[in-house]
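Geometric and topological summary
The primary structure of each chain is shown beneath.
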Amino acid sequence: MKIKFWGVRGSIPCPGPKTVKYGGNTTCIEVRTDAGYLIILDAGSGIFPLAQTLFPELPLSCHIFITHTHWDHIQGLPFFIPNFIPGNKIKIHGAFDPVDQRDIKQILSRQMEYCYFPVREAELKANLEYITLAEQQMVQVEDAKVTNIFMNHPVLNFGYKIECNGKTLFFSGDHEEIYNIYTPDEEPYEEYATFMKQKNQSILNFVRGSDVYIADTSYTKQDYPGKKGWGHGTFEGNMRIAQEAEIKTMFFTHHEPTRDDASLEKIFQEVLHNCPEHPHKPTFYLAQEGLEFEL
């Protein structure tokens, strides 16, 4: 498989001279199976530059897997040019929203209503198919299979595992390690502690041994107390998960939008220096727009 990063920022695009190296677009990852089939993980603003490269492949057939429907992960979808071209076949996968009782088509169509966008979803020319996924539902994409697991975020968020010819990639989407929302003196504390331990372990088991793990790493441990409950991970927490799960290579992504390239690199070097030794220590990288990796 081949991976290319098209958007690595979280929350909001942040273009400008101070983010040129790592990029200012929000989440979008291109994955090519060994047979060359196109899988796209998330449709943040990075999907727009990706779209510019796809004209030689028309008519296009691809699968887009949406981790969750916060705007920084879907805001580029109305600008995905293959949507407007007849003959293209695009399958869009994502979760059901249990709060508003909407499936993935209903959720995504809303941002293409006239009050938000000048072209309605019904006016698009491509053959669009929406698939609302259940947890751990497997989707066969030519020579690869894609399976999901619920992560921890303020909206239903799928982490996606892609397996192809013995190689495995996992993308967390937005994820914060589950913590106990009760205090020890509250009655549900012990019950929730059991749930928390089981859920964190199930995620660990799901990703164990992955060749590549792409992780939401928005915060440092110093940032985290003021952002607890916002649904994002830390450098230190993801390093520990990667070691425990025997990950081979980890990419840190969803970079905090207020962090420029220089401060991002400074933090990365500091956490690498402080990372404890471990018999299964992965190779760590900062995700960067345009960066390609083959596994």
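Residues numbered from 1 in each chain as written. Predicted model: local features only at pLDDT ≥ 70, side-chain atom pairs only at ≥ 80, totals over all residues. Heavy atoms only, no water.

Description of the overall build of the protein chain
Each helix and strand in the protein chain was counted, giving six helices and 14 strands. Here the C-alpha radius of gyration of the protein chain, 19 Å, is about what a compact globule of 295 residues would show, namely 19 Å. Referenced to the eigenvectors of the C-alpha coordinate spread, the extents of the protein chain come out at roughly 55 × 40 × 40 Å. For the protein chain, with 295 residues in total, the buried portion stands at 52%. A fraction of 65% describes how many contacts in the protein chain between residues 6 or more apart in sequence connect residues 24 or more apart. Here the protein chain displays about 13500 Å² of accessible surface, and carbon together with sulfur accounts for 53% of that area. Looking at the protein chain, you have 27 positive and 39 negative side-chain charges, and the mean spots of the two groups are 3 Å apart. (Helix = DSSP H or I, 4+ residues; strand = E, 2+ residues; numbered from the N terminus. Rg over C-alpha atoms; globule rule 2.2 N^0.38 Å. Buried < 20%, exposed > 50% of the residue type's maximum accessible area, 1.4 Å probe, protein only. Contact = heavy atoms within 4.5 Å. Areas by Shrake-Rupley, 256 points an atom, 1.4 Å probe, with all protein chains shown as cover. Lys, Arg positive; Asp, Glu negative; His and termini not counted. Charge placed at Lys NZ, Arg CZ, Asp CG, Glu CD.)

Some points on the layout of surface pockets
Quantified by volume, the largest pocket comes out at close to 360 Å³. Lining the largest pocket are 14 residues, with Trp71, Ile74, Arg110, Gln111 and Tyr116 sitting closest to its centre. A class-by-class count of the residues in the lining of the largest pocket yields seven nonpolar, three polar and four charged. Counted as a void, the second largest pocket has a volume near 240 Å³. Lining the second largest pocket are 16 residues, and of these Met151, Asn152, His153, Val155 and Leu156 sit closest to its centre. (1 Å grid on protein atoms, 1.4 Å probe; cavity = no way out; pocket = protein on both sides within 12 Å on 5 of 7 lines; lining within 4 Å. Points joined across faces, edges and corners; volume = space filled by probe spheres on them. Nonpolar A, V, L, I, M, F, W, Y, C, P; charged D, E, K, R; others polar.)

Section: the pairing of strand S11 (residues 212-216)
Burial analysis of S11 places five of its five residues in the buried class, which makes it a mostly covered element. Neither face of S11 is left uncovered, since the one carrying Val212, Ile214 and Asp216 and the one carrying Tyr213 and Ala215 both have all their residues buried. Crossover strand S10 (residues 167-171) to S11 through helix H4 (residues 189-207) is right-handed. Chirality of the crossover, the property in question, places the unit of S11, helix H5 (residues 235-244) and strand S12 (residues 249-253) among those that are right-handed. (Right-handed = clockwise from strand over helix to strand, strands pointing away.)

Some details on unusual backbone geometry
For residues other than glycine, phi is negative in most cases, and the peptide bonds are mostly trans. In this structure, the amide linkage connecting Leu58 to the following residue, Pro59, adopts the cis form with an omega of -5°. Within the secondary structure, Pro59 is located in the loop between helix H1 (47-52) and strand S4 (61-65). In the Ramachandran plot, Ser11 falls in the positive-phi region, its phi being about 75° despite a non-glycine side chain. Examined against the element boundaries, Ser11 turns out to sit in the loop between strand S1 (2-7) and strand S2 (28-32). Positive phi, normally seen in glycine, also occurs at Asp42, with a value near 70°. As for its position among the elements, Asp42 is in the loop between strand S3 (38-41) and H1.

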